[in-house]
Each structure stands twice: as structure tokens, then as C-alpha cells.
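Next come the chains, spelled out residue by residue.
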Amino acid sequence: MAAGGGDPAASPMKTPSWAVRIRGADGEIAGAGILLTPDQVLTCAHVVDRAAARLTAEFVGATDHSVPAVPARVDGTAYVPETRDADGDPSGDVALLRLERPRPVEETVRLHRLSAPGREVRMYGFPYAHNGGIWFRSTVVGGCGRDGQVQLSPVSPGELASPGCSGAGVADSRTGEVIGMVLSGQLDQHGNRFSFMSPAETIARHLPGLKPHIVGPTAVDERLLPTDDGPSPDLLDEPFAQRLAAWLRDDGSQVKISVVGPGDAARAATLRRAITLADRELRTAVSIDRASLDPPGTVPSAGGHDLAVDASGVTATEIAERIADRMGLWQHPEDPPIDRIRASRSTLNLVVVGVDEAIDPLPLLDLLEVLRAGGSRLLLVFRTAGDCHRLARDRLLTRPARERRARLVERLRDLTGPLAEDLHERLAAVVPHGLRPLDSDLVAAHAALADLLRADDADGERDPAGGPARDRDPDQPPGRVRGADRDSDRDRHWDPGRGRDLGRERDRDVDRDRRPDRGHDRDPDRDPDQPPGPVRYADRDPDLDWDPDRVRHPDPGRDLDLGRERDRDLDPERDRDVDRDRRADRGHDQDPGRAPARGAGPVPDLGRYERLADRVAGRLAAGVAELDRLRDRRDELAGRLRGYHVLHQHSLQGEEDPAVDDLYLRAHALLRARPCDVRAAEAAVDAYTRRVDGHGGGDAR
């Protein structure tokens, strides 16, 4: 049975009983609908408009195998037409119909709130030539627009939602639950095919009266909602709000860690505001409009998070169960929730507030590590910058970044070593006609490798949390000074139950990472244009929003010209935001009794270098493939030349033909040359074979 309804939500083996075909006054199919209650059908507002004054709901999946037709009308004011803002971004397009005669409750279905990133879904619509209905399959791409709509990619070109599908229910393939409604399909000018749906949360916001018929856990814990006795909603830490909005708009960082102290009312209110605005169901109508009065860059995307939980006083198991429910992982309830999450391919954008106030913070960090490793994005908020906060940064930020950097170093070594040698071997064999020069790409890869190797060497001057070991920790309250050895001891004694020495293990990780790259100045892969020496590291964000994956871009004055295409990967808007935040917060955590920290310097941008590696790898592969094609053509021409030469010698019967011999020798010399000009050799071989054919020597092809 469906949750609160009748039909198993969406079995692909039969027509769903809740699927409704809607006809207009002219008898034509106007669209589809979803039977939510015995006398209420959910559909699109534009389907109602298309049907004109008279609507008829037809139940193609009726349990008695008939197709009852029931007149319907708009249910009071439950009609939200599609509107578009100044950018053409759509909003609304939902309507509720009231049937003149009710249907059996067994035929109804309820909408289900479910985290949807990357999920496979299917919808039952009524396109042209399929009046009885047909299933369409799609994959959830992600949220789009300020209304909280979701973009779907059809599994095959023919499964694009077309007229007759608007208003159809979208069912999750894994659970069978109906999680939204089809809005439209689109074929753009580039040939891309997309469908769009309004998820259950967005429908609930537009039609609040439907909330009793929408099941599943909401995306935001009640304790995180603004309250009358909580911080004033007028309080706003604008730089913090901009950084939260950037993460919730997917700024490229997987893990973000912040500290919101118990007495910081402005940051607490800012955090609650961001969580609320990023939820499709709680988002206000004003925040959808681009012309709202919110400060620039502080409004996150609708659906920016899939789940926001308050960990205070809660166990890791309870949080894991909450996550599993939101991800739709309830098929094997006997398995521990963390095992179901680990085995799942699903991901989500998760916000956890009060990580250090959980009943068992260490198991919670284990859960967060599983989610991070599976590709989920995490926004973690701590109440204090204490031991749990430092350990989380080490386990979820520093170590993964170090491992990521090590993988990138190995990949760049491979690109600048064996793969580059393969390319040069082929370039020595044939002239690269029509091949884009790859020298600048390899120079860029060498420069990136040198930069990463210097960063590895500079790790010796950094503490495990990623900052300069001799400077004051900007993550600590003013007046508090940190020592690297003291931090190691604190972490070591804070986790005695695990039977491992965290401080020493962390030190071994740092030593192991640095050992292979000592003496990198003698490494032939190092860019000779780059001076040896450690790289200076930029100050961490004073609001504790530090992420080693999100680092400043190399200074333009460093002679690291990675080419125009690499420059297109830069995000100047992000740099301006970070600079503006730092200017606004300069001195926020500055200890008045100490001198300012060392000047900021360039550090490797791992995301940028990964994009560079992808680009260089693709071009190297394409270049090697093209050169192999030219080599194969050269060998083919050599075989053809030999065959014609043998036939020509037989046809002469001991006589000589100097003119033909000259053509042969020229073709032979061009084929033997290194690198071989295949085009010139092909022309020479063609000239020789035509001459031999003209002398009656036959065809050796």
C-alpha cells in the first residue's frame, strides 16, 4: 500500500491507479494528474488553462479495469499559475482539481518528501499516440531556478516529457514513492533534452492545504526553525551569510566547517535564515524574486540542502536513521543505518548543527566520514573551536585534501612522464598534421606539478589543521595562542578509547607525504622557471569557514602561464567575495597583543589543477590516437609501395625505367624519414602507383 493511499506507489508492471488523464472541452488530452484524495487531483496550472472551461478526469488505472470519466473543476483558490521573473525563471504552475464524484480511497497515493540527487525516476504520462499512457524514465540532474524545481534527464531521447505528460506523477524507481509532478519537457537549441518536475516540498509551499497528503520527514529539524524567543531575524552577519549562500549554491567545496558560538546571536540568526531559505518548503515567496530586499549574494538556492539536523543531545545512530529515511533507505530496516548509507550510491547535501554537542561526537564523525567518502556534501557547525572541532577538520578536511593532492601529484607525474613520452615517441615518428600543439599543455602540467611539490614540502611548516604553525590560530578566540605540539597531545589524549595515538599517526601522515618529495628541486618534473622554496599559505577565513580544497589562485606575477583556457576556470566573483569578506572581518579574531600574521601568499588550487589534468589528459589521449592513425597510414603506404615495386620489377623483365625509379626512390625516402611527413609520402606513393598503372604494371592495392 502507498503511504496513506491505496496503490503500491508505482509498480512498473501495471498502470498506476492514481494516474489521471485530463481532457479539455474539445475532447483532446490536455495533460495528466495525480489522484491524491478520493475527490482531489493534482495537476499543472497550464493543463487547466489548456482544458478551458470544462475538465474531465479519466482514470485509466481504475481497479475495475474500466476507464471512468469524472467532471472536475479547480478546487477554490488552489490554483497557482506559472509566472516568470525578469530572467525568465519560472515559478508556480500547480493546481488542485475537485472531482464531482469521489473515487475509491484504494486508488489514491500520497506525495513523499525524499532527497532526490542522482536518483532514477519514472513518470506515467499520455503523450501523442499513447493515449492509454506510458512510462518515461529519467535521472534527477539537480535543482534549478529559484522556485525549487528539479531538472530531469531522460534515459533515452524518446523519453523526454512531451505534451500530455504535464501533471504526471514522478515516482522514485527505488522506493516506488511519488516524489513530485512533471511540469514540462524541453529540447534546447543545442539538442539537449530535459524534463522538469516540481518536487513534493515545492508543491507544499505553493499549496499549503496539501500538506496533510504529503508524507516523509521534512528537510529541516524543528529545532532549527526560527522561534519567537530565538535570535531576532533582523540580525544578519552579511559576510557569513554570503559564504553560507555560496556553499548552498554549490561553490565547489565538499565540506565546510564553521563555528557559531552560543552567544553569537547574529551568526545564529544568519545560520537559521540560510537553512530556512535553502529549504524548498520553507522558502518565502519574497526570496524567490531576484528583486528582493535581501543583501546581494546572501540568498541560497532553493534545495541547497537536502537535510538539516540539530545534533545537540542526539546520538549518531539517531542522526544516521534520519539521514537514511531522507535518502529513502528503508528497504532493509534490520541493517544498521550507517551500513545502509555506506552501501547506497545516494548522496545528499547535509547540514549538521552542533556536531560537538552530540551525545557521541566520535561515532558522529565516523558517520560524516562515510558520507564524505560517498560524495555527499557537508556543512558542519560547531559551538566551540575545541577538540572535536579540530579533530573534525583533520579527518574531514586536512587528510582528505592531502590524499586528494597526493592523487593529483601522481596523475600529473603520469601525464608529464609516461604519457608525455608516448606522445614524444609518436611525434618523432610522424609529422603531426592537423594536431593541436600540446607543448603549452605539458608546460602547464609541469608547472602545476612543481607547485604541488612545493606545497608538499611546505607542509612541514604547517600545523595539521592547515595553517602556519608559528602564527596565532585565527580559529581560536582572541588572546588564545596555539602550539602544534600541544594540539597533538590534546588530540592524542582526547580519543583514548580507540587504541591509537592520533597525534603520532597524524605526524606520520605528514612525514610520509613529505618524504617522497624531499629534494624536489632536483626533480626533473619541476618547472625550471619556478624558484625553489616553500609556498606561503593564505590566511584562513576568520569566521572559521576554512576548507583546504578552496584555496586562493596562484598570483598572476608568478610566471605560471597556464594558458587562456586555464584562466577561464578561474572564478573572479568568488575571489572578490572572499577578499570582501576578509576586508570586512580583518581584525575580527585578531589578538590585540600580537602582530598580524604573515602576509598571504599563493597556494595550490586543487580543483583548478584537477580540471587542468583532465584537460591535458584528454588532449594527450586525442593526440596519441591521431598520431597512431598517421603511423598506421604510413605503414599502409609502405606496404602499398613495396607491392607496386615488386609488380613493376616483374613487368620490366630486367629493363630499367629511370623516371619511375626516381618516383619510387622519392616515395621510399619520404616513408623512411623520421618524422615522416605522411601527407607528402602519400602524394609520392600515389604518383608512383599511377605511373606504374600507366605502364601496365597492374594494381597491387
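Heads up: the structure comes first, above all this text.
Remember, it's a predicted structure, so these values are computed and weren't measured experimentally. (Residues numbered from 1 in each chain as written. Predicted model: local features only at pLDDT ≥ 70, side-chain atom pairs only at ≥ 80, totals over all residues. Heavy atoms only, no water.)

Draft legend 1. Quick look at the sheet that holds strand β17 (residues 255-259). One open sheet holds the four strands; their spatial order is β17-β20-β19-β18, and the pairing between them is parallel. Bordering the open sheet on either side are β17 and β18 (307-310), each of which pairs with just one other strand. Within the sheet, the average angular offset between the axes of one strand and its neighbour, ignoring direction, is 10 degrees. Strand direction decides the pairing type here: β18 and strand β19 (residues 349-353), joined by four bridges, are parallel. Bridge assignment links Asp310 to a residue of β19, and that residue is Val353. Against the sheet, helix α3 (residues 238-248) touches β17, β19 and β20 (377-382), its axis set at about 155 degrees to β17. Across the face of the sheet, helix α6 (residues 316-326) comes into contact with β18 and β19 while running at roughly 160 degrees to β18. (Pairing = 2+ DSSP bridges. Helix = DSSP H or I, 4+ residues; strand = E, 2+ residues; numbered from the N terminus. Axes fitted to C-alpha atoms, helices over the stretch in contact; angles between N-to-C directions. Contact = heavy atoms within 4.5 Å.)

Draft legend 2. Seen up close, a negative patch on the surface. Taken together, Asp414, Glu421, Asp422 and Glu425 make up a surface patch of like negative charges. Here Glu425 shows up in helix α9 (residues 387-427). Owing to a relative accessible area of 46%, Glu425 belongs among the partly exposed residues under this scheme. (Patch = residues over 30% accessible without salt bridge, like charges linked within 9 Å, V, L, I, M, F, W, Y side chains within 5 Å. Areas by Shrake-Rupley, 256 points an atom, 1.4 Å probe, with all protein chains shown as cover. Salt bridge = Lys/Arg side-chain N within 4 Å of Asp/Glu carboxyl O. Lys, Arg positive; Asp, Glu negative; His and termini not counted. Charge placed at Lys NZ, Arg CZ, Asp CG, Glu CD. Buried < 20%, exposed > 50% of the residue type's maximum accessible area, 1.4 Å probe, protein only.)

Draft legend 3. Representation of the pairing of strand β15 (residues 193-199) in the model. With respect to burial, β15 is a largely interior element, five of its seven residues being buried. In this sheet, β15 lies alongside strand β12 (residues 149-154) in antiparallel orientation, the contact comprising three bridges. The residue bridging Leu152 from the neighbouring strand is Ser195, located in β15.

Draft legend 4. Inspection of the sheet that holds strand β1 (residues 19-23) at higher detail. In spatial order, the strands read β1-β2-β3-β8-β5-β4; together these six strands close into a barrel with antiparallel pairing. Each strand of the sheet is rotated relative to its neighbour by a mean of 40 degrees, with strand direction disregarded. In terms of strand pairing, strand β2 (residues 29-37) meets strand β3 (residues 40-43) through three bridges, oriented antiparallel. Residue pairing for β3: Ile34 is matched across the bridge by Leu42.

Draft legend 5. Broad picture of α9. Taking 1.5 Å per residue, 41 residues should reach 60 Å; α9 reaches 56 Å between its end C-alpha atoms and fits that length. Maximum bend of α9: about 40 degrees, positioned at Ala420. (Expected span 1.5 Å × (residues − 1). Bend = angle between axes of the 7 residues up to and from the residue.)

Draft legend 6. Expanded view of the packing of helix α8 (residues 361-373) against α9. It is at 11 Å that the axes of α8 and α9 come closest, and there the two elements cross at 20 degrees. It follows that α8 is roughly parallel to α9 by the angle criterion. Here the hand of the crossing between α8 and α9 comes out right-handed. Contact residues: Pro361, Leu362, Leu365, Asp366, Leu368, Glu369 and Arg372 in α8; Cys388, Leu391, Ala392, Arg395, Leu396 and Pro400 in α9. (Parallel < 35°, antiparallel > 145°, perpendicular 65-115°, else oblique. Left-handed = near helix turned anticlockwise from the far one by under 90°.)

Draft legend 7. Expanded view of the pattern of salt bridges. Summed over all chains, the structure comprises 39 salt bridges. Asp89 is paired through a salt bridge with Arg146; the nearest N and O atoms lie 3.9 Å apart. Note that Asp89 is positioned in the loop between β6 (83-84) and β7 (90-91) and Arg146 in the loop between β11 (134-144) and β12, a separation of 57 residues in sequence. Its relative accessible area of 18% is what places Asp89 among the buried residues. Note that Asp147 is salt-bridged to Arg205, the shortest N-O span being 3.1 Å. Of this pair, Asp147 sits in the loop between β11 and β12 while Arg205 sits in helix α2 (residues 200-206), placing them 58 residues apart in sequence.

Draft legend 8. Just the nonpolar core, in detail. Formed by 58 residues in total, the largest nonpolar core has its most connected members in Ile34, Leu42, Leu99, Leu111, Met181 and Leu210. The element that contributes the greatest number of residues to this core is β2, accounting for six residues. Grouped together as the second largest cluster of nonpolar side chains are 42 residues, Leu408, Ala638, Val660 and Tyr688 included. (Core = buried A, V, L, I, M, F, W, Y, C linked by side-chain atoms within 4.5 Å.)

Draft legend 9. Representation of unusual backbone geometry within the structure. With omega at 0 degrees, the peptide bond leading from Arg674 into Pro675 counts as cis. On the secondary structure map, Pro675 appears in the loop between α16 (658-672) and α17 (678-694). Its identity as a non-glycine residue notwithstanding, His65 has a phi of 65 degrees, on the positive side. In this structure, Asp93 takes a positive phi of about 70 degrees despite not being glycine. Positionally, Asp93 belongs in the loop between β7 and β8 (94-99).

Draft legend 10. Fine view of the packing of α9 against helix α10 (residues 439-458). At a closest axis distance of 10 Å, the pairing of α9 and α10 adopts a crossing angle of 145 degrees. Crossing handedness for the pair α9 and α10: left-handed. Contact residues: α9 offers Arg405, Leu408, Val409, Leu412, Arg413, Leu415, Thr416, Ala420, Leu423 and His424, while α10 offers Leu442, Ala445, His446, Ala448, Leu449, Leu452, Leu453, Ala455 and Asp456. Tallied by class, the residues present in the contact of α9 with α10 amount to 13 nonpolar, three polar and three charged. (Nonpolar A, V, L, I, M, F, W, Y, C, P; charged D, E, K, R; others polar.)

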